[in-house]
Amino acid sequence: MEQLRRVVSNCSIKDPGSIFLSQKQFEIVIRSVVDTIRLSGESDDPQVQNFLARLFDYYKKIEMAASENKSRITNSRQISEGQVLKILVSGTGVFKSEVVKNVGNFLTVSRPVSNKRSTSMQWHGQKISIYFWREDDAGYVFDTEVVDEVFSKGISSLKVEHVANLSRTQKRKSMRVKFNKAAFLYLVNDSDNPHQLEKSPGLRCMLEDISDSGCAFRVNGQASAGMRFKVQFSINRVPVCMPATVRSVDYFHETNTSIVRMESDPLPIVTRNRILCEVFNLLPEYDEDELPFRVLEEEADAEQGSSVGQMESVNV
């Protein structure tokens, strides 16, 4: 607390207690610590990094609480068009669908499909459970009934009854931000140190988002849940390695691409702090002539090959 008091004093904040009530004031404190670490060269000091990590833990707590209150929904009428859905039919299986239209008295979803089960089944009158993950929010589930099979926007679709009591399931554990950046993918060899940086290029992929507890990336081919990978990329020209386990995969047959969502292993404190600096937009912009860190030789090539069409393919 004494260390925090000194930082607040250096930031010329008139009311020190205000940092616990204002996100903006607390951000000033964290930014000051990040700048001090950068200018003093104390980035490898465990005590300094531990202090920064504790600041991030508190800031993440108040940021997520504020974001949760703004973003949560309670009614199926609030689901956005294009939202990806998983539909469970008891005794039959799980199907994939998405919201086609959400106006009027019914929710219209695309006709559910499954690679493992026949989609010629009759849906009218079927009782279903609908699961979905709402971006920057949480998971939701509700039970409903199919009232009609229709064509909507030229797509074979189902009309389902609205529900006014959505159940909120798993909440996100971390703040995630969009992170459109080329990266390299490697299979994890558990006999080696999974956090060790690789020197040779791996399988090319495109990061979609990032947090201190995982990431999502797009890759050609099809991946499977439970696989162990590590993703290597750079943040502000500093190489970062994130070993993780695949938790879910959305495969798009038309383009033969997958969006893979991974849960990270516990990260070294320096790596976690650097990622959180990116998540909360606290890293400075460097001029090309003043880059303070070694750049991976492969990074420039990776950024040039950032389109999906140039990614290599994984089939695991």
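Here we summarise the structure given alongside this text. Keep in mind that what you see is a predicted model, and the values were worked out from it rather than measured. (Residues numbered from 1 in each chain as written. Predicted model: local features only at pLDDT ≥ 70, side-chain atom pairs only at ≥ 80, totals over all residues. Heavy atoms only, no water.)

**Structural notes on the environment of Asn75**
- The topology assignment puts Asn75 in the loop between helix H3 (46-71) and strand S1 (84-89).
- Each residue touching Asn75, except ones within four places of it in the same chain, is listed here: Val163, Ala164 and Leu166.
- Here Arg77 takes part through its backbone nitrogen, which lies 2.9 Å from a polar atom of the side chain of Asn75. (Helix = DSSP H or I, 4+ residues; strand = E, 2+ residues; numbered from the N terminus. Contact = heavy atoms within 4.5 Å. Polar contact = N/O pair within 3.5 Å; in protein donor to acceptor, adjacent residues only side chain to side chain.)

**Focus on the environment of Val7**
- Note that Val7 resides in helix H1 (residues 2-10).
- Judged by its relative accessible area of 12%, Val7 is buried.
- Note: C-alpha distance between Val7 and Thr36 (29 residues apart in sequence) is 10.0 Å. (Buried < 20%, exposed > 50% of the residue type's maximum accessible area, 1.4 Å probe, protein only.)

**A closer look at the side chain of Asp212**
- Mapped onto the elements, Asp212 comes out in the loop between strand S9 (203-211) and strand S10 (214-222).
- According to the relative accessible area criterion, Asp212 is buried, its value standing at 8%.
- Within the local environment of Asp212, its side chain forms a polar contact with the side chain of Lys60, the two groups lying 3.0 Å apart.
- Only 3.1 Å separates the side chain of Asp212 from the side chain of Arg272, close enough to count as a polar contact.

**Brief notes about the state of the cysteines**
- Taken as a whole and judged by the stated rule, the model has zero disulfides.
- Sulfur of Cys215: no disulfide; nearest cysteine sulfur belongs to Cys205 and is 7.7 Å away.
- Taking the relative accessible area as the measure of exposure, Cys215 reaches 0% and is therefore buried. (Disulfide = S-S within 2.5 Å.)

**Looking at the packing of aromatic side chains**
- Enumeration over the complete set of coordinates arrives at eight aromatic pairs.
- Taking the centre distance of 5.1 Å and the plane angle of 45° together, the rings of Phe26 and Tyr58 count as tilted. Residue Phe26 is found in helix H2 (residues 23-40), and its partner Tyr58 is found in helix H3; the two are separated by 32 residues along the sequence.
- The class of Tyr58 is partly exposed, set by a relative accessible area of 27%. (Phe/Tyr/Trp six-rings, centres within 6.5 Å; stacked < 30°, edge-to-face > 60°.)

**Some details on unusual backbone geometry**
- Not every positive phi belongs to a glycine, and Asn236 is a case in point at roughly 55°.
- Although it is not a glycine, Asn256 adopts a positive phi angle of roughly 55°.
- Mapped onto the elements of the fold, Asn256 is located in the loop between strand S12 (238-252) and strand S13 (257-264).
- Judged by relative accessible area, which is 31%, Asn256 ranks as partly exposed.

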